[in-house]
Amino acid sequence: MPRIRKKTSKRVTTNQREKIKHKVSAQRKKVKKQSRKDKAAGKVQKKSKKDPGIPNAFPCKDEILAEIERQRREAAIEKQRRKAEKRAAKVGARDADETQSQVSEKAGEGEEIIEKEENDGRGFDGVMSMERQPIAVPIPQKSKIGINGELKEPDVSVYPGPSTLREVLDKADILVCVLDARDPEAGISEALLGIAKEKGKAVVVLVNKADTVPRESLAAWLSYLRKTYTAIPFRVSSAFMPATSPYDHSANKARIQRPADDATGTKPIWAWLRKFAEERKHNESVVAFTGVTNSGKSAIINSLLGASVLPVYNPHSSEAAKLPYTTTTAQEIIASIPGSGNSKVRFIDTPGLEFEREEFSDSNERQASRARDILLRCRGRIERLKDPMFAVTHIISRAEMQDLMLAYNLPAFPKGDTTAFLAGMARVNGLVKTRGVLDHAGAARIVLRDWNSGKLVRYTTPPVVSASGQPALATDGDEDVLNGLRTRKELRKEVKLVSLTPGKVDSRNVILDEAWEVEDEGSEGSGNSNEDEDDGVDDESGSGESDVEGEEDEEDEDEAPELLPSPPSPPAAKRKRTVSFAGLPGKRRRG
């Protein structure tokens, strides 16, 4: 019997429901599988997060919005100006093309006559037609960079230097203390400079990495340091800088030929050495470069010579990142002083400073000292520390709260509150674990990664600029460096700029009589006993952090495995141990 009305019930059989469930499940599995494949192949594009804007509770919100609107207006005006210039250039080029076409037509008639005479009776010759086309020959330029983008080896010999720091001080006439412009006073060793003055050595403070700080900060530090020392600003050549910079766009990060003779600050150094040689009447002056690890001593010597003579630290090299230092022993290089006739200078490049072990009565002081040393040297993958909280706590205690809020787009948090800061960082970056638990460790690693790579641009200001409150008096050499720097206002528009409280002068004693040892890769395979291997690991790791207690559990040994090479592998019965340069006890530390 036919059905008279439509079926009003939406109920279906159990078989049909299970069919639909099975198809839905299969489709979801298929989508997940495809997404995993795309992710492995690198085809997944991250969705850009929507800018949440400035919170209502943020201080000075109206001023910030007004500044943003002003920048937009200026950008629109600049865009219109560039369009007008392009339009005018096109009109001028069109007029030039018309004039050139008239000249080429007359020249073409003469070429046709010559071609007919030379090609008479032979028909078309493709080779001859190619020869008549003008070939653009590039003008050769003087460069010290090879065909493959590598620096050519110069004709400069490198000789082995003294074996201890005391021998370097006895031999040198001039002691150059290399400082980091971002925190200069933290790199000064009070004990080392005191010994140099007792021996009657000339002391020069070289403020390196001047291009990483605002103009006002560098000028203030030069005025402050020149009350006590002879201070010279410096920026190494582009060929000896890290491959990436926070100011470079992604399109400029490709491998390009970078010059080795564009350093700024070389003229005042050579002028000072020339004056020193004339006053002392020395045919050969000995200059020793000292400073903490990764301060740029080898790069400065390469920049002064304009060629790659000494190896420099490369943060993108896996082998270099595992070592606690780049220069293992002292090395000497002889060069001529420009414009001084026969006067020569002998540069001595030394490894990073080593300090005696320091005892602490409080664990917080020990952690603060350890964090200060790791962040100052900034070597290796510090974001891979097993417990990164103590390092971030040190940064938060020194950083300006409003600068951190602007840099990471965070809501207001109490000054010095590390937990509140990391909670905001975790929410902004989506680091939320199961049940809404915030990943504070992941947020801390983001801050350390920005610190290590230079994306978090920091600067400090001296405690007192000058007694009269006047800015630093710029010399001719200062003008070359300062004119190439940007102000705080200009930097804040482009990078994450954070102001820090200045560090203190290092008052620890420097190890003078311990010999620098050359690393021997073949010694790793020697058949020593397990006890000897363990003792060697402890002694080697002691050069990393002298401020750490002598007894730490085995878990802390895995905190910074990139800062030292792995020790020889023990027998299979024992678990393989990873050496921590930043967290193990020892007799000494390498600065």
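Structural notes, computed from the coordinates.

Cut-off values and rules
- Residues numbered from 1 in each chain as written.
- Predicted model: local features only at pLDDT ≥ 70, side-chain atom pairs only at ≥ 80, totals over all residues.
- Heavy atoms only, no water.
- Helix = DSSP H or I, 4+ residues; strand = E, 2+ residues; numbered from the N terminus.
- Buried < 20%, exposed > 50% of the residue type's maximum accessible area, 1.4 Å probe, protein only.
- Contact = heavy atoms within 4.5 Å.
- Areas by Shrake-Rupley, 256 points an atom, 1.4 Å probe, with all protein chains shown as cover.
- Salt bridge = Lys/Arg side-chain N within 4 Å of Asp/Glu carboxyl O.
- Core = buried A, V, L, I, M, F, W, Y, C linked by side-chain atoms within 4.5 Å.
- Axes fitted to C-alpha atoms, helices over the stretch in contact; angles between N-to-C directions.
- Parallel < 35°, antiparallel > 145°, perpendicular 65-115°, else oblique.
- Nonpolar A, V, L, I, M, F, W, Y, C, P; charged D, E, K, R; others polar.
- Expected span 1.5 Å × (residues − 1).
- Polar contact = N/O pair within 3.5 Å; in protein donor to acceptor, adjacent residues only side chain to side chain.

## Concerning the overall build of the protein chain
For the protein chain, the helix and strand inventory stands at 17 helices and 11 strands. Relative to its 591 residues, the protein chain shows a buried fraction of 39%. Long-range contacts, defined as pairs at least 24 residues apart, comprise 75% of the intrachain contacts of the protein chain with a sequence gap of at least 6. In the form shown here, the protein chain has an accessible surface area of approximately 35,600 Å², with 50% of it arising from carbon and sulfur atoms.

## Side note on the pattern of salt bridges
One pass over the structure, following the stated rule, counts 25 salt bridges. The closest approach of N and O atoms between R357 and E359, which form a salt bridge, is 3.8 Å. According to the relative accessible area criterion, R357 is partly exposed, its value standing at 36%. Taking the relative accessible area as the measure of exposure, E359 reaches 62% and is therefore exposed.

## Some words on helix α6 (residues 215-225)
Counting buried positions along α6 gives 8 out of 11 residues, so the element sits mostly inside the fold. Residues S217, L218, A219, A220, W221, L222, S223 and L225 constitute the buried set of α6.

## Here we look at the nonpolar core
L165, L218 and L225 are the most contacted members of the largest nonpolar core, which totals 40 residues. Those residues in contact with L218 that sit more than four places away from it in its chain are V207, A210, V213, P233, V481, L482 and L485. Grouped together as the second largest cluster of nonpolar side chains are 34 residues, C378, I395, A407 and A426 included.

## What to know about the packing of helix α13 (residues 418-428) against helix α14 (residues 440-453)
Helices that pack against each other are described as a pair by the angle of their axes relative to one another and the distance between those axes. Closest axis-to-axis distance for the α13/α14 pair is 8 Å, and the angle between their directions is 90 degrees. As far as their axial angle goes, α14 and α13 are roughly perpendicular. Contacts between α13 and α14 involve T419, F421, L422, A423, M425 and A426 on the former and, on the latter, H440, A443, A444, I446 and V447. Among the residues making up the contact of α13 with α14, the classes are represented as 9 nonpolar, 2 polar and no charged.

## Looking at helix α10 (residues 363-377)
Helical geometry: 3.6 residues make up each α-helical turn, so side chains three or four residues apart lie on a common side. An ideal rise of 1.5 Å per residue puts 21 Å on 15 residues; α10 measures up with 21 Å between its terminal C-alpha atoms. Within α10 the residues assigned to the buried category are R366, S369, R370, A371, D373, I374, L375, L376 and R377. Capping the start of α10 is the job of one residue whose side-chain oxygen sits 3.3 Å from the backbone nitrogen of N364: D362. Of the residues trailing α10, C378 is marked for its positive phi of about 55 degrees.

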